[in-house]
Amino acid sequence: MNVINFEDGHCKRIRSYLDSYLNNELLVETNHEVLTHLEMCEACSRSLQDRARLKVQLKRAVMQEYAPAALRERIGSNLRQSRGFSFNTFSLSLAAAAVLVIAMVTFFTSSPARKPLSLQAQVAPGDVTGQILKIGFDDHVFCSIDHQLADKQFTPEQMSEKLGPEYAGLVELVKGKMPRDLTVVVAHRCGYQGREFVHLIMRNQSDIVSLVITRKNGEAFPTDGVAAIVQAAGGLIYQAAWANQQVAGLETRDHLVFVVSNETNDTNLQIASSLAPSVRDFLARLES
Amino acid sequence: MSDIPRQEHVIFGRTAPTEEFESVALPHLNDLYRTAARVIGNRTEAEDLVQEAYLQAWKSFHRFEPGTNCRAWLFKILFHVIQHHRRKWYNSKLIQESDELLLQDTVAYEPPVPQHLSDQDVLAALDRISVQYREVVLLADVQEFSYKEVAAALGVPVGTVMSRLSRGRKLLRAELSEVAEGYGIREKGKSA
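A short tour of the structure in this document, coming up. (Residues numbered from 1 in each chain as written. Chains lettered and ligands numbered in written order. Predicted model: local features only at pLDDT ≥ 70, side-chain atom pairs only at ≥ 80, totals over all residues. Heavy atoms only, no water.)

### Some points on the pairing of strand β2 (residues 195-203) of chain A
Residue and element names in this part refer to chain A. Taken across its nine residues, β2 has eight buried, putting it largely inside the fold. For strand β1 (residues 183-192) and β2, the ladder comprises nine bridges, and the chain directions are antiparallel. Looking across to β2, one finds that Val184 is bridged to Met202. Where β1 folds back onto β2 in an antiparallel hairpin, the turn is made up of two residues, including Gln193, whose phi is positive at roughly 55 degrees. The sheet contact formed by β2 and strand β3 (residues 208-215) spans six bridges and is antiparallel. Within β3, the position partnered with Arg203 by the bridge is Ile208. Linking two consecutive strands that pair antiparallel, namely β2 and β3, is a turn of four residues. (Buried < 20%, exposed > 50% of the residue type's maximum accessible area, 1.4 Å probe, protein only. Helix = DSSP H or I, 4+ residues; strand = E, 2+ residues; numbered from the N terminus. Pairing = 2+ DSSP bridges.)

Set out below in structure tokens:
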């Protein structure tokens, strides 16, 4: 067996911390000790780089696998059956009352099972760009507007916790690129229509801007003959507008990125262009 | 406090937050499936277990506290289902904690991490390490759960998570080192 000759006991101790260091699980003091040691110890620094590289490659390799579409269908179907079963277990007396309640509810309201979004994006059949941009628009409306998340104010710690270590760095990145009067009020992960989003909300007194990021699920912006494409900041930015909201979208290898706001078209595009290079770099690191 | 208000449909005094469940739980399907697939090593069984985990999650959704970590909650349920499955079919013998600590303390060799290996090599190496280590590596390194969340998902103390993770990573590096040797790649730091 090969045995590494540690330079001294200090190296051995630092290496015992490296796993926890990689997972950001060390106490502040220990973290500082590790950082100080790494600055002057090439061997330990190399060991850390090795571990970090393996962690990144492992994650990339595992994340390449996706659940079969049929499984998603089966789970959805099971949920619906399960819900039906729940109703069958009601007692007869409750069922009788239920019929009455249903009749009354049906009579007085005609609200559908899923409350529609307050702002709707109308996309023509075959408009692939529009369909993709609608993904970001819908999450912005669902979360920022209809559920009034734009009125919240998360602390930096809450934002970091809700985004998780993978995306927590986005908050500082976005802060540095926003116009002075827009502040980041919310950063979290949310879901809409079975899709997960990383969502940052910036606002001033009158305007709400969302940065919405989601993993691709087979989507790709068409590259041929599509209107409203802007070449900006090292890549294409696609645009659309619905219900007084402007949507700008771009893509990386694995992600779709949207900037949605009630700003003017020019301002929204300016924000998207300003964010694009840094966000692209940030996501590229996740994807590498 | 939840970010997103519950979309509850109050029917006959019962609540049926199906939309909310689908909205918060289904986005994690890929993560649950890919983790189960690697832990179990059989895609069909993994599908069944993930499906069962979602059913159990739905049935106990009324106990889920909005605003808490739904993903961690789902993984806890998934590993409960997986452990039940293992006990039922394989009667698997879990590693004793004392053995783990012994292994950790006695193995001083730190295998170098070979470069230029494919993702498939990494996955194959991961599949070869013992499942008790593999599941911790998957939860901590791939899903990026905190030690505390991994401990909660697996029902083990945080100290066990730390020792299994350290040992699991070491085993993975050793496996990859062997693969690299098989390719004739000699890494810096490995003696001849």
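Here the narrative resumes.
### A short note on the pattern of salt bridges
Counted by the stated rule, this structure contains 24 salt bridges over all chains. Through salt bridges with shared partners, a single network forms among A:Lys59, A:Glu166, A:Arg189, A:Glu196 and B:Glu144. (Salt bridge = Lys/Arg side-chain N within 4 Å of Asp/Glu carboxyl O.)

### Topic: the packing of aromatic side chains
All names here are of chain B. The final tally for this structure, using the stated rule, is ten aromatic pairs over all chains. Centre to centre, the rings of Phe75 and Phe145 are 4.9 Å apart; their planes meet at 70 degrees, and the pair counts as edge-to-face. Taken as a pair, Phe75 in helix α4 (residues 70-89) and Phe145 in the loop between α7 (131-142) and α8 (147-154) lie far apart in primary sequence, 70 residues in all. When sorted by exposure, Phe75 lands in the same class as Phe145, which is buried. Every member of this aromatic cluster is reached through a ring pair, and the members are Phe21, Tyr54, Trp58, Phe61, Phe64 and Trp73. (Phe/Tyr/Trp six-rings, centres within 6.5 Å; stacked < 30°, edge-to-face > 60°.)

### Observations regarding the packing of helix α1 (residues 9-22) of chain A against helix α2 (residues 28-40) of chain A
All names here are of chain A. The geometry of α1 relative to α2 is characterised by a closest axis approach of 10 Å and an angle of 120 degrees between their N-to-C directions. It follows from the interaxial angle that α1 and α2 lie oblique. Between α1 and α2 lies a crossing of left-handed hand. Facing His10, Cys11, Arg13, Ile14, Tyr17, Leu18 and Tyr21 of α1, the residues of α2 in contact are Thr30, Asn31, Glu33, Val34, Leu35, His37 and Leu38. Along the lines of polarity and charge, the residues of the contact of α1 with α2 split into eight nonpolar, four polar and two charged. (Axes fitted to C-alpha atoms, helices over the stretch in contact; angles between N-to-C directions. Parallel < 35°, antiparallel > 145°, perpendicular 65-115°, else oblique. Left-handed = near helix turned anticlockwise from the far one by under 90°. Contact = heavy atoms within 4.5 Å. Nonpolar A, V, L, I, M, F, W, Y, C, P; charged D, E, K, R; others polar.)

### Observations concerning the side chain of A:Ser278
Its location among the elements puts A:Ser278 in helix α9 (residues 265-287). Judged by relative accessible area, which is 16%, A:Ser278 ranks as buried.

### Quick notes on α1(A)
Helical geometry note: an α-helix holds 3.6 residues per turn, so side chains three or four residues apart project in the same direction. With 14 residues, α1(A) should cover 20 Å at 1.5 Å per step; its first-to-last C-alpha distance of 20 Å lies within 8% of that length. Within α1(A), the axis deviates most sharply at A:Ser16, by approximately 30 degrees. Among all positions of α1(A), only A:Cys11, A:Ile14, A:Arg15, A:Leu18, A:Asp19, A:Ser20 and A:Leu22 are buried. Buried residues belonging to α1(A) abut α2 and α3 (42-63) of chain A together with α8 and α9 (158-182) of chain B. A positive backbone phi angle near 55 degrees is found at A:Asn24, which sits one or two residues after α1(A). (Expected span 1.5 Å × (residues − 1). Bend = angle between axes of the 7 residues up to and from the residue.)

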